[in-house]
Amino acid sequence: MAGSSFGTLFRVTTWGETHGAGVGVVIDGCPAGMELCQEDIQKYLDRRKPGQSKYTTQRKEGDQVEIMSGIFEGKTTGTPISLIVRNKNQKSKDYSNIKDVYRPGHADFTYDMKYGFRDYRGGGRSSGRETIGRVAAGAIAAKVLSEIGITLKAYAKAIAGIEISTENYNEEEIFCNSFYMPDADAAKKVEAYADQMIKDKDSIGGIIECVIDGVKPGIGDPAFDKLSADLGKAILSIGAVKGFEIGDGFAVASKKGSENNDSFVMKDGKPVKQSNHSGGVLGGISDGSPIILRAAVKPTPSIAQTQQTVNKNGENVEIEIHGRHDPMIVPRAVVVVESMAAITVLDAVLRNLGATMNQLKKLYE
Ligand SMILES: Cc1cc2nc3c(=O)[nH]c(=O)nc-3n(C[C@H](O)[C@H](O)[C@H](O)COP(=O)(O)O)c2cc1C
């Protein structure tokens, strides 16, 4: 299967299925000499792992990362970093009822159409578990970025239409509720709604927002490799993400130019924007404002309600999915969005190093 790698100079290749020996990632292109330990990666994986609350799947996976290569005496060596998380909590019998049946909203039908054969236990590569490698690589990318002053912060902006408010926004609250929402009131409302959804054997979706601070102007390319386009691909490649926006996104379609343009003004001898409708990218290149992106995440396709579908023999059948699934994907996908954004920005920063003769000469000084 092609398409398991992402990035050019900071290149990430994820591998593994839910019910194989494990899942993992190979990261090529991480600069040498950065201090890196298992805990740096583990704390990101802990934000993604199942069983954190009753609003995420009750599978209890330890998701302990092991570093197989690329680190010596606590520092990156510049050679490929290989990471593995062994699968420990597979229950293949949970999946026997979906062996020959196509789950509505999942990738079973399209997998069979493409490959004619699939590992039905947990969705193979279409499982949310594939994102472990992304998050492990994202933890490393975010650490490299933090060393050059670039930070990332992702959170749930809305779940089931319940949106955080600007007045209640409190960054510290992100890690204080089950939904990674920076608004305690909104999180309480989501809790009540989600409880009802669980009773109704249904699922819900939402919007994840990610803010990237500290990206200097001039990162990204003007044509096919626009920073916004690369971020779009990174985010849309996450399972269940159905929409991507940067800056004011779809709202720009109903604005006037005079409302949407960000005026420039000189500040401390440098041009700065007075607003940030662009979301930090103009012409595919960073403009120095915070980069703001959003991902629309659909409701978890696997629900316990009776649904109409078909099986491999072409018969109309009914399906109820009783495996252990996330009643909502958003809380666990927050760190996945942050990780993919980190990988993309780091790759763009590295690709930019030789963009001008001055930079090239500096590299050789
Ligand atoms: C972190 C994460 C966890 C997920 N958990 C589940 C789950 O428990 N059950 C499920 O049916 N889908 C889950 N998904 C979504 C499916 O992977 C996804 O909907 C499916 O592959 C079909 O792809 P598409 O929705 O992008 O079209 C999860 C996705 C992510 C990113």
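In what follows, the structure referred to is the one given above.
None of these values were measured; they are calculated from a predicted model.

Caption draft 1: Up close: the overall build of the protein. A tally of regular secondary structure across the protein gives eight helices and 18 strands. In terms of overall dimensions, the protein is globule-like: its C-alpha atoms have a radius of gyration of 21 Å, near the 21 Å expected for 365 residues. Counting the 365 residues in the protein, one finds 48% classified as buried. Considering only intrachain contacts with a sequence separation of at least 6, the fraction spanning at least 24 residues in the protein is 67%. Summing over all exposed atoms, the protein offers an accessible surface of approximately 17,700 Å²; the carbon and sulfur share of this is 53%.

Caption draft 2: Structural detail: the packing of aromatic side chains. The tally for this structure, following the rule as stated, stands at four aromatic pairs. Ring centres 5.4 Å apart and planes at 70° place the aromatic pair Tyr102 and Phe109 in the edge-to-face group. Taking relative accessible area as the criterion, Phe109 reaches 42% and is therefore assigned partly exposed. An angle of 70° between the planes, with centres 5.7 Å apart, marks the rings of Tyr155 and Tyr169 as edge-to-face. You can see Tyr155 sitting in strand β8 (residues 151-159) and its partner Tyr169 sitting in the loop between β9 (162-163) and α4 (184-199), a full 14 residues away along the chain. What makes Tyr169 partly exposed here is its relative accessible area of 31%. One residue, Arg47, lies across the ring of Tyr44, its end atom 5.3 Å from the ring centre.

Caption draft 3: Highlighting unusual backbone geometry. The phi dihedral of Asp63 is positive, around 50°, even though this residue is not glycine. Along the chain, Asp63 falls in the loop between α1 (38-48) and β4 (65-69). Overall, Asp63 belongs to the buried group, its relative accessible area being 3%. One non-glycine residue, Ala160, lies in the positive phi region at around 50°. Along the polypeptide, Ala160 turns up in the loop between β8 and β9. With relative accessibility at 32%, the residue Ala160 sits in the partly exposed group.

Caption draft 4: Inspection of the packing of helix α5 (residues 227-236) against helix α7 (residues 330-351) at higher detail. With their axes 9 Å apart at the nearest point, α5 and α7 run at an angle of 145° to one another. Like other packed secondary-structure pairs, α5 and α7 cross with a definite hand, here right-handed. Between α5 and α7, the contacting residues are Leu227, Asp230, Leu231, Ala234 and Ile235 on the first element and Val337, Met340, Ala341, Thr344, Val345, Ala348 and Arg351 on the second. Looking at the contact of α5 with α7 residue by residue, the classes come out as nine nonpolar, one polar and two charged.

Caption draft 5: Just the sheet that holds strand β11 (residues 241-246), in detail. Taken together, five strands build an open sheet; the order of strands is β9-β8-β10-β16-β11 and the sheet is antiparallel. The open sheet has two edge strands, β9 and β11, and neither has a second partner.

Caption draft 6: Inspection of the site of the ligand at higher detail. Surrounding the ligand, one finds 17 residues, the nearest of these being Ser126, Lys242, Lys298, Ser302 and Asp326. Ala240 is positioned such that a nitrogen or oxygen atom in its backbone is 2.9 Å from an oxygen atom of the ligand. Within the contact set of the ligand, an oxygen atom lies 2.9 Å away from a side-chain nitrogen or oxygen of Lys242. Relative to its free-state accessible area of 630 Å², the ligand is covered by the protein chains to the extent of 89%. Here the shell around the ligand is built from residues that sort into four nonpolar, nine polar and four charged.

Caption draft 7: Region of interest: the sheet that holds strand β7 (residues 81-86). Sheet architecture is open: five strands sit in the order β1-β2-β3-β7-β4, paired in antiparallel fashion. Strands with a single pairing partner mark the edges of an open sheet, and in this sheet they are β1 (5-6) and β4. In terms of strand pairing, strand β3 (residues 22-28) meets β7 through six bridges, oriented antiparallel. Each residue of the ladder has a partner; that of Val26, found in β7, is Ser82. Along the sheet face, helix α3 (residues 131-147) touches β2 (11-16), β3 and β7 and points at about 35° away from the line of β3.

Caption draft 8: Local environment of the side chain of Asn311. Looking at where Asn311 falls in the secondary structure, it is placed in the loop between β17 (307-310) and β18 (316-319). Excluding its chain neighbours within four sequence positions, the residues that come into contact with Asn311 are Asp100, Val101, Tyr102 and Val317.

Caption draft 9: Region of interest: a nonpolar patch on the surface. Judged by side-chain polarity, Leu353, Met357, Leu360, Leu363 and Tyr364 come together as a nonpolar surface patch covering roughly 560 Å² of accessible area. Here Tyr364 is to be found in helix α8 (residues 357-364).

Caption draft 10: The pattern of salt bridges, seen in detail. Under the criterion given, the structure shown has 23 salt bridges. Here Arg86 makes a salt bridge to Glu66, at a shortest N to O gap of 2.8 Å. On the criterion of sequence distance, the pair formed by Arg86 in strand β7 and Glu66 in strand β4 is long-range, its members being 20 residues apart. Owing to a relative accessible area of 37%, Arg86 belongs among the partly exposed residues under this scheme. Asp108 is the salt-bridge partner of Arg118, the closest N and O atoms lying 3.6 Å from each other. With Arg118 in the loop between α2 (108-115) and α3 and Asp108 in helix α2, the pair connects residues that are 10 residues apart, well separated along the chain. Given the relative accessible area of 9%, Arg118 is considered buried. For Asp108, a relative accessible area of 2% corresponds to the buried category. Ionic contacts of the salt-bridge type, sharing partners, join the residues Arg103, Asp108, Asp112, Arg118 and Lys312 into one network.

Here is what the cut-offs are and how they apply
- Residues numbered from 1 in each chain as written.
- Predicted model: local features only at pLDDT ≥ 70, side-chain atom pairs only at ≥ 80, totals over all residues.
- Heavy atoms only, no water.
- Helix = DSSP H or I, 4+ residues; strand = E, 2+ residues; numbered from the N terminus.
- Rg over C-alpha atoms; globule rule 2.2 N^0.38 Å.
- Buried < 20%, exposed > 50% of the residue type's maximum accessible area, 1.4 Å probe, protein only.
- Contact = heavy atoms within 4.5 Å.
- Areas by Shrake-Rupley, 256 points an atom, 1.4 Å probe, with all protein chains shown as cover.
- Phe/Tyr/Trp six-rings, centres within 6.5 Å; stacked < 30°, edge-to-face > 60°.
- Lys NZ or Arg CZ within 6 Å of the ring centre and 35° of its normal.
- Axes fitted to C-alpha atoms, helices over the stretch in contact; angles between N-to-C directions.
- Left-handed = near helix turned anticlockwise from the far one by under 90°.
- Nonpolar A, V, L, I, M, F, W, Y, C, P; charged D, E, K, R; others polar.
- Pairing = 2+ DSSP bridges.
- Near = heavy atom within 4 Å.
- Polar contact = N/O pair within 3.5 Å; in protein donor to acceptor, adjacent residues only side chain to side chain.
- Patch = residues over 30% accessible without salt bridge, like charges linked within 9 Å, V, L, I, M, F, W, Y side chains within 5 Å.
- Salt bridge = Lys/Arg side-chain N within 4 Å of Asp/Glu carboxyl O.

Function cannot be inferred from these measures alone, as they are strictly geometric.
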